[in-house]
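The primary structure of each chain is shown beneath.
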Amino acid sequence: MSAAVADAVVDRLKEVPSAVLMLPTGTTPLGMYRRLVGMHRSGELSLVEATFFNLDEYLGLPPDHPASYHVYMKENFYGLIDADPARIFVPNGAAEHPEAECERYESAIREAGGTDVCVLGIGRNGHIGFNEPGAPFDSRTRVVRLSESTRRVNAGDFESESAPECAITVGMATIFESREVLLLASGTNKAAAVAAAVEGETSESVPASMLKKHPNTTLFLDEDAASDLGRGVAG
Ligand code: PGA
């Protein structure tokens, strides 16, 4: 899964070195980042002309907080490649005026010409970015409340504290406008969400189901994540 999606990203970057990428955090994309970093180190891949936007960040976390997505991206990707710092965008979860930060972020995406490739993970509840079930398909970058299940799943990143209650996420419409979407899922704990997204109804209650209407979306699944497909179990 990781090799296939890394190859897909590299193919786009070879066609368009100045591509605009929207990128996820979490456990699932780590193998993809490792491969892209490996290709950069062996001289096969430069990312110096690319532009990067992250999908989300926890509200209230300063960029140097160990559980922040700023730190995750620096440690797993941006700090290990030749990315131009002026073309790296991660929402500022510690912004004094979060609503203004969301508007600034959405404008930066627009000014970059929109995104060429959006890489997504999927939550066990079908979320994409931090667009939890119920997120309007026409939503833009905004402050959202995290579901209890997401906070539980992510609690392990927060040692003594509990996971934040809110986050800034790129919106559903912003994701939908990406010219290409690559969604990754691995493990049996994603199988039900994958089946609901692929075989269930297109519904705001399963955010990833919106992608069925997208003209250029590819799913990269390991066998475990695909194991509920074709069994008629999706609602
Ligand atoms: P994970 O997160 O890759 O850590 O499973 C995916 C997501 O919640 O979008």
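These numbers come from a predicted model, not from an experiment.

## Focus on the overall build of the chain
- Assigned secondary structure in the chain consists of seven helices and nine strands.
- Expected size for 235 residues packed as a compact globule is a radius of gyration near 18 Å; at 17 Å, the chain falls within 12% of this value.
- For the C-alpha atoms alone, the extent of the chain along its principal axes is close to 45 × 40 × 35 Å.
- For the chain, buried positions account for 51% of its 235 residues.
- If you take every contact in the chain between residues at least 6 apart in sequence, the share linking residues at least 24 apart comes to 80%.
- Looking at the chain as shown, the accessible area adds up to about 10,500 Å², and 49% of this sits on carbon and sulfur atoms.
- Once the 20 positive and 34 negative side-chain charges of the chain are each reduced to a mean point, those two points are 2 Å apart.

## Thoughts on the packing of aromatic side chains
- In total, this model carries twelve aromatic pairs according to the counting rule given.
- A ring pair is formed by Tyr 33 and Tyr 72, whose centres lie 6.4 Å apart and whose planes are at 75 degrees; its orientation type is edge-to-face. Taken together, the positions of Tyr 33 in helix α2 (residues 30-41) and Tyr 72 in helix α3 (residues 69-76) put the pair 39 residues apart, joining distant regions of the chain.
- Ring plane angle 85 degrees and centroid distance 5.1 Å describe the contact between Tyr 58 and Phe 158, whose orientation is recorded as edge-to-face. Of this pair, Tyr 58 sits in strand β3 (residues 56-58) while Phe 158 sits in the loop between α5 (148-154) and β7 (166-169), placing them 100 residues apart in sequence. The two residues Tyr 58 and Phe 158 agree in class, both being buried.
- Ring-pair connections join several aromatic residues into one group, and the members of that group are Tyr 33, Phe 52, Tyr 58, Tyr 69, Tyr 72, Phe 77, Tyr 78, Phe 130 and Phe 158.

## Details of the nonpolar core
- The biggest cluster of nonpolar side chains holds 40 residues, and the ones touching the most others in it are Leu 23, Phe 52 and Phe 77.
- Residue assignment for this core shows that the elements contributing at least two residues are α1 (2-15), β1 (20-23), α2, α3, β5 (117-120) and β8 (180-185).
- Excluding residues that lie within four positions of it along the chain, Phe 52 makes contacts with Leu 21, Leu 23, Leu 47, Phe 77, Tyr 78, Ile 81, Ala 83, Arg 87, Ile 88 and Phe 89.
- With 27 residues, the next largest nonpolar core counts Val 20, Leu 120, Val 170 and Leu 183 among its residues.

## Examining the pattern of salt bridges
- Inspection of every chain in the model, using the stated rule, returns nine salt bridges.
- A salt bridge links Arg 104 to Glu 101, with the shortest nitrogen-to-oxygen separation between them at 2.8 Å. Of this pair, Arg 104 and Glu 101 both sit in helix α4 (residues 98-111), three residues apart, which is roughly one turn of that helix.
- The exposure class of Arg 104 is partly exposed, given its relative accessible area of 42%.
- Sharing partners across several salt bridges, the network here consists of Glu 106, Arg 140 and Glu 177.

## Quick look at the packing of α1 against α2
- Closest axis-to-axis distance for the α1/α2 pair is 8 Å, and the angle between their directions is 50 degrees. Between α1 and α2, the crossing angle belongs to the class labelled oblique. Our pair here, α1 against α2, has a crossing hand that is right-handed. Counted together, Ser 2, Ala 3, Val 5, Ala 6, Asp 7, Val 9 and Val 10 of α1 and Gly 31, Met 32, Arg 35, Leu 36 and Met 39 of α2 form the full contact between these two elements.
- Counted by class, the contact of α1 with α2 contains eight nonpolar, two polar and two charged residues.

## Side note on the state of the cysteines
- For the structure on display, the rule yields zero disulfides.
- Cys 166 supplies the cysteine sulfur nearest to Cys 102, a cysteine that is in no disulfide, at a spacing of 11 Å.

Thresholds applied
- Residues numbered from 1 in each chain as written.
- Predicted model: local features only at pLDDT ≥ 70, side-chain atom pairs only at ≥ 80, totals over all residues.
- Heavy atoms only, no water.
- Helix = DSSP H or I, 4+ residues; strand = E, 2+ residues; numbered from the N terminus.
- Rg over C-alpha atoms; globule rule 2.2 N^0.38 Å.
- Buried < 20%, exposed > 50% of the residue type's maximum accessible area, 1.4 Å probe, protein only.
- Contact = heavy atoms within 4.5 Å.
- Areas by Shrake-Rupley, 256 points an atom, 1.4 Å probe, with all protein chains shown as cover.
- Lys, Arg positive; Asp, Glu negative; His and termini not counted.
- Charge placed at Lys NZ, Arg CZ, Asp CG, Glu CD.
- Phe/Tyr/Trp six-rings, centres within 6.5 Å; stacked < 30°, edge-to-face > 60°.
- Core = buried A, V, L, I, M, F, W, Y, C linked by side-chain atoms within 4.5 Å.
- Salt bridge = Lys/Arg side-chain N within 4 Å of Asp/Glu carboxyl O.
- Axes fitted to C-alpha atoms, helices over the stretch in contact; angles between N-to-C directions.
- Parallel < 35°, antiparallel > 145°, perpendicular 65-115°, else oblique.
- Left-handed = near helix turned anticlockwise from the far one by under 90°.
- Nonpolar A, V, L, I, M, F, W, Y, C, P; charged D, E, K, R; others polar.
- Disulfide = S-S within 2.5 Å.

These results come straight from atomic positions and should not be treated as a statement about function.
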